[in-house]
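# Close look at the chain arrangement
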Amino acid sequence: AWPDDVSTFAREQGVAEYLGGVLAMTRRIFPTARRVDVRVDEDPEIADDRHIVLSVEAEGPDVAAAVAAEARWCRELFRCCPPTVVCVFRLDLETTD
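Model, not experiment: these values are computed from the prediction. (Residues numbered from 1 in each chain as written. Predicted model: local features only at pLDDT ≥ 70, side-chain atom pairs only at ≥ 80, totals over all residues. Heavy atoms only, no water.)

### Here we look at the environment of Asp-49
Residue position: Asp-49 is located in the loop between strand 1 (35-42) and strand 2 (50-59). In the structure, Asp-49 is positioned 39 residues away from Val-88 in sequence and 9.6 Å away in space, judged by C-alpha atoms. For Asp-49, the residues in contact, after removing those within four places along its chain, are Asp-41, Glu-42 and Asp-43. (Helix = DSSP H or I, 4+ residues; strand = E, 2+ residues; numbered from the N terminus. Contact = heavy atoms within 4.5 Å.)

Now the structure itself:
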C-alpha cells in the first residue's frame, strides 16, 4: 500500500504502474537497507516541482560503494520505466555506520 499522496501524484504523472518495479529495484540494489520509504517531495524554491522520492537508509561508511550503488540505481531506473518519466523519481540515499 502506498501513501495516499504518493498514489495520487503517481496517477497524475502517469507513473502509477511503475511504482512497484521501482521499489523492487531499489530493494535489490540496497538489500541490507535499514529503511526504504517512499514519499512525495516538493521543492520549496521552485513552484510545482514535485517528485516521488525513494529514501534509503543503508549501512556502511564506504563512500565509493554508495556512489556506485546510486549510479546503478540511476541506470536501473531506465529499465523500470520509460525515459520520459524517469524524472518523476528521485533517490535519497543516507549511509550510516
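### A closer look at the pairing of strand 2
Where burial is concerned, most of strand 2 is hidden: eight out of the 10 residues are buried. For strand 1 and strand 2, the ladder comprises eight bridges, and the chain directions are antiparallel. Its bridge partner lying in strand 2, Glu-42 is registered against Arg-50. Here strand 2 runs beside strand 3 (residues 89-96); their pairing, made up of eight bridges, is parallel. Directly across from Ser-55, in strand 3, lies its bridge partner Asp-92. (Buried < 20%, exposed > 50% of the residue type's maximum accessible area, 1.4 Å probe, protein only. Pairing = 2+ DSSP bridges.)

### Considerations on unusual backbone geometry
Note: most residues except glycine have negative phi, and most peptide bonds are trans. Even without a glycine there, the phi angle at Asp-48 is positive, about 60 degrees. With respect to the helices and strands, the residue Asp-48 is situated in the loop between strand 1 and strand 2. By relative accessible area, which is 72% here, Asp-48 ends up exposed.

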